[in-house]
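Read off the chains here:
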Amino acid sequence: MHAKPEQRKTSIVPALFKVLVGTIGIFAIMTVCFYHNELDVDGNLTVGFPWIFYREGSGYSLDLNEQVGYHEFEPLKLIGNILFAATLYLLILWIYSAFSGKPKQ
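Note that the structure is predicted; figures quoted are calculated from it, not measured.

The rules behind each value
Residues numbered from 1 in each chain as written. Predicted model: local features only at pLDDT ≥ 70, side-chain atom pairs only at ≥ 80, totals over all residues. Heavy atoms only, no water. Helix = DSSP H or I, 4+ residues; strand = E, 2+ residues; numbered from the N terminus. Buried < 20%, exposed > 50% of the residue type's maximum accessible area, 1.4 Å probe, protein only. Contact = heavy atoms within 4.5 Å. Areas by Shrake-Rupley, 256 points an atom, 1.4 Å probe, with all protein chains shown as cover. Pairing = 2+ DSSP bridges. Axes fitted to C-alpha atoms, helices over the stretch in contact; angles between N-to-C directions. Core = buried A, V, L, I, M, F, W, Y, C linked by side-chain atoms within 4.5 Å. UniProt positions renumbered as here; feature names shortened; annotations may be inferred.

Some thoughts on the overall build of the chain
Each helix and strand counted, the chain has two helices and four strands in total. For the chain, the succession of helices and strands along the chain, N to C, is α-β-β-β-β-α. Here the chain holds 105 residues, and the buried ones make up 18% of them. In the chain, 40% of the contacts between residues at least 6 apart in sequence involve partners at least 24 apart. Of the roughly 9100 Å² of accessible surface on the chain, a fraction of 66% belongs to carbon and sulfur atoms.

Observations concerning unusual backbone geometry
Cis geometry is adopted by the peptide bond preceding Pro50, which originates at Phe49 and carries an omega value of 0°. Here Pro50 lies in the loop between strand 2 (44-47) and strand 3 (54-61). Even without a glycine there, the phi angle at Asn65 is positive, about 60°. Within the element layout of this structure, Asn65 appears in the loop between strand 3 and strand 4 (66-73).

Some details on the sheet that holds strand 1 (residues 36-38)
One open sheet accounts for four strands, arranged 1-2-3-4; its pairing is antiparallel. Of all the strands in the sheet, just strand 1 and strand 4 have a single pairing partner and so form its edges. Strand-to-strand twist across the sheet, computed as the mean angle between neighbouring axes with direction ignored, equals 10°.

Looking at the nonpolar core
If you look at the biggest cluster of nonpolar residues, it comprises seven residues: Ile26, Phe27, Met30, Val47, Phe53, Ala85 and Tyr89. Counting only elements with at least two residues in this core, the list comes to helix 1 (12-33) and helix 2 (75-99). Broken down by element, the residue count for this core peaks at three residues, all from helix 1. Ignoring any residue separated from it by four or fewer positions in sequence, one finds Ala85 in contact with Thr23, Ile26, Phe27 and Met30.

Remarks on the UniProt feature "transmembrane region" (unreviewed entry) in the chain
Feature annotation in UniProt assigns "transmembrane region" (unreviewed entry) to the following positions: residues 12-37 and 78-99. Secondary structure over residues 12-37 splits into 85% helix and 8% strand, and the C-alpha atoms at its two ends are 40 Å apart. In the segment residues 78-99, helix accounts for 100% and strand for 0%; the C-alpha atoms at its two ends are 32 Å apart.

Printed below as a string of structure tokens:
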């Protein structure tokens with residue numbers, strides 16, 4: 001009988017899970033780093049990088065002669081930020097694998 005060569009079994013589920021966890025991690029780090037809560041200074045709160053997907057603020061309106069506030073949430077910008085985080089994570093993985101390879105002799 002002929003021996004079959006050893007086949008390497010790989011599953012896509014662990015790879016997708018790794019990318020999902022990495023994307024969430026990069027997204028969380030970027031969101032925390034670029035979170036600006038200046039409600040007590042200028043009345044604005046902004047969340048998001050590279051696109052701001054949530055804004056909240058308040059201030060005095062001279063036209064209405066009263067205190068007014070607003071909040072905006074843009075889901076497309078949130079999706080764009082998540083895709084940016086996934087791309088950044090895959091780029092980091094690609095650079096890491098390029099530099100961590102064994103040197104050729």
